[in-house]
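# Architecture at a glance
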Amino acid sequence: MEVGGSSESPEEPKKGKSRATKKAKESVLKQKSPAEFFAENKNIAGFDNPGKCLYTTVRELVENSLDSAESISELPVIEVTIEEIGKSRFNSMIGLIDRERVDEELYDDYESAKAREKRLAKEARIQEMQAKNAALRKKVKEPAAPKGTKGRGEASFFRVTCKDNGRGMPHDDIPNMFGRVLSGTKYGLKQTRGKFGLGAKMALIWSKMSTGLPIEISSSMRGQNYTSFCRLDIDIHRNIPHIHLHEKRDNKEKWHGAEIQVVIEGNWTTYRSKILHYMRQMAVITPYAQFLFKYVSDAADKNVTIRFARRTDVMPPVPLETKHHPSAVDLLLIKRLIAETSKQNLLQFLQHEFVNIGKSYAERLIGEMGPDFSPKMAVKSLTSQQIVRIHQLFRQAKFDDPSGDCLSPAGEYNLRLGIIKELHPEMVATYSCSPQVFEGHPFIVEAGVSLGGKDVKQGLNIFRFANRIPLLFERGADVVTRTALKRINWNSYKINQTQDKIGVFVSIVSTKIPFKGTGKEYIGDDISEIASAVKSSIQQCCVQLKSKIVKKIQAREQQERKRNLSKYIPDVTAAIYDVLRETAHQQASKKKKQYEEKDTELLTKVSTRIVTEKTLREKLAQHVEQVDYEMALEYATQSGVSEEPREDIYIRAVEGAYDFIDFHSPVFVFRLFS
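Residues numbered from 1 in each chain as written. Predicted model: local features only at pLDDT ≥ 70, side-chain atom pairs only at ≥ 80, totals over all residues. Heavy atoms only, no water.

Identification of the chain as DNA topoisomerase 6 subunit B from Nelumbo nucifera is taken from an unreviewed UniProt entry. Looking at the chain in UniProt, the text filed under Catalytic activity (unreviewed entry) is "ATP-dependent breakage, passage and rejoining of double-stranded DNA." For the chain, the Subcellular location (unreviewed entry) comment in UniProt is given as "Nucleus". (UniProt positions renumbered as here; feature names shortened; annotations may be inferred.)

Next comes the structure, spelled out in structure tokens:
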């Protein structure tokens, strides 16, 4: 036993040493680049699956194009093309030769002889049953088509191209704008369309993960005689662009804008409706833009071409970058502002780095901070404790609410035009609330409610927009959906929630949209200021519609009453004429007493055939018309001039360059040319 024990004892420390070494290797500190993080967590940016990746790629490219065109006040013209790429064509693009299968059993879609026999027997039984039912003339539901056994390795690839007439990009900035994650021109406190600040970079990361092919960018700015062309991909581990080709080409057509082309894996079949709904809703909220969408496939019957025409040339103003509100800042932001400010002392820092702090109010704040603070003290010399004191005072002090001047809503005029252009409703009402505030951030809610229209289902059809982009997913938890379903009493506005075709459009713009969830696809119902503004805006639209509906009901009742009276005119005329004729006969034979002079005159006219049944019929018809006219006149007098029916007028864009001034109203825009 002792020998055995002595022989094993030297091995034990060796095992312990190897375990310790292994544990030390596992605890090595590692770092990830931003590109690597988003590549591993692509669902955060909306790239959950191939179908959603295709949808998100289209959305990001379209929104970038709109921002680019609007930044130079150019009416957007955007062309989106999704081209299906077959497996053989894709292999030739990457230089891969097609290879025939050698071992069939190795593949996921392999079907054994026994499984094939079982499937054929089942199909034969179904066909036999269908033949019997057809002979007995029985109507039966057709069985669903058998699903193909598509292998996991068989993917669908698409080339997505987006071309616009926007600002374009500087030649030297293109590689970093597309090949470096978390670098861009939209950072700052202002209303922006983007959700994550990734844009086309995430599409490039997905392209590298799914196809390995680079992205191609063509761009030219106004006045440039060349077009920048760049072919690049991204080094995910180092978060830097990997440039394949970057050159300048002739720009003979004087084109300006950008054209981006990327090849990715996707699924058109499952996300076709979402992509088309996105384009349609984007046409609603931006009626001043022209969209051309194409889907190109090898099968001609699958091709899709849709043009969303421009309806107006009135664009919303460009959103302005604003300063931070004191109640909306945190410690980290205050420290960053101090590090970046060009102001020397504390008084100037408070005045110029925050909104709604004037000189006198800044002096009062500094006096409240304590004896360690003075207006002339150097802002760069503030200690951590002093910065905390400033932050505490910001949270407790009272400040005026920020104005909504920095925001750029679509406008009632554009929202109404967009709804009419795409849905063709029977009635539509719009409303824009005044700027309101939550957590120091201004926001504006615009709403529209329509009745009837094409391609509109019965019940509530809810369209949600945040910073003028459509929200299509996770609608159930959204503040707009919950408000429309649970907080609006539609019956009180003469609207049937289940039978009428109701379109509810709500657009929220803000310097900070309070999205919920990682996908940022819905706005939470927990912010009372936004929930109240949404409810109020929808109710204002319903009030407008109610007056129109009441008028329509009264007009229908009036027509029904007139129709009923007109229907009985022949019978009433015949009965009255018979009575008059019999009375006239009795009067002539003097069997009845004498009548008054007027009555005697009428009976004489009946006897002499001056008054006939036809004459009575015409008089009764004239009386019905007169009563109808008097009732309509009385209603119009009670309603007032302001309630007269309005007629929509649309002015087409005038070709050429003219000097003009726009006069904006809640319901129209009047353009005066000089």
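Having put the structure on the table, let's press on.
## Looking at the packing of helix α11 (residues 346–353) against helix α12 (residues 359–369)
Their axes nearest at 9 Å, the elements α11 and α12 cross at an angle of 125°. It follows that α11 is oblique to α12 by the angle criterion. In terms of crossing hand, the pair formed by α11 and α12 is right-handed. Contact residues: L346, L347, L350 and Q351 in α11; K359, A362, E363, I366 and M369 in α12. (Axes fitted to C-alpha atoms, helices over the stretch in contact; angles between N-to-C directions. Helix = DSSP H or I, 4+ residues; strand = E, 2+ residues; numbered from the N terminus. Parallel < 35°, antiparallel > 145°, perpendicular 65-115°, else oblique. Left-handed = near helix turned anticlockwise from the far one by under 90°. Contact = heavy atoms within 4.5 Å.)

## Observations regarding the pairing of strand β5 (residues 240–250)
As paired strands, strand β4 (residues 226–235) and β5 are joined by 10 bridges and run antiparallel to one another. Across the sheet, L232 pairs through a bridge with I243, a residue of β5. The loop that links β4 with its antiparallel partner β5 comprises four residues; one of these, N239, has a positive phi angle of about 55°. (Pairing = 2+ DSSP bridges.)

## What about the pattern of salt bridges?
This model, assessed by the stated rule, comprises 24 salt bridges. A salt bridge links E422 to K421, with the shortest nitrogen-to-oxygen separation between them at 2.7 Å. Judged by relative accessible area, which is 10%, E422 ranks as buried. In this structure, R464 and D478 form a salt bridge, with 3.1 Å as the shortest nitrogen-oxygen distance. Residue R464 is located in strand β12 (residues 459–466), and its partner D478 is located in the loop between β13 (469–471) and α15 (479–487); the two are separated by 14 residues in the primary sequence. Here R464 and D478 have matching classes, each one buried. (Salt bridge = Lys/Arg side-chain N within 4 Å of Asp/Glu carboxyl O. Buried < 20%, exposed > 50% of the residue type's maximum accessible area, 1.4 Å probe, protein only.)

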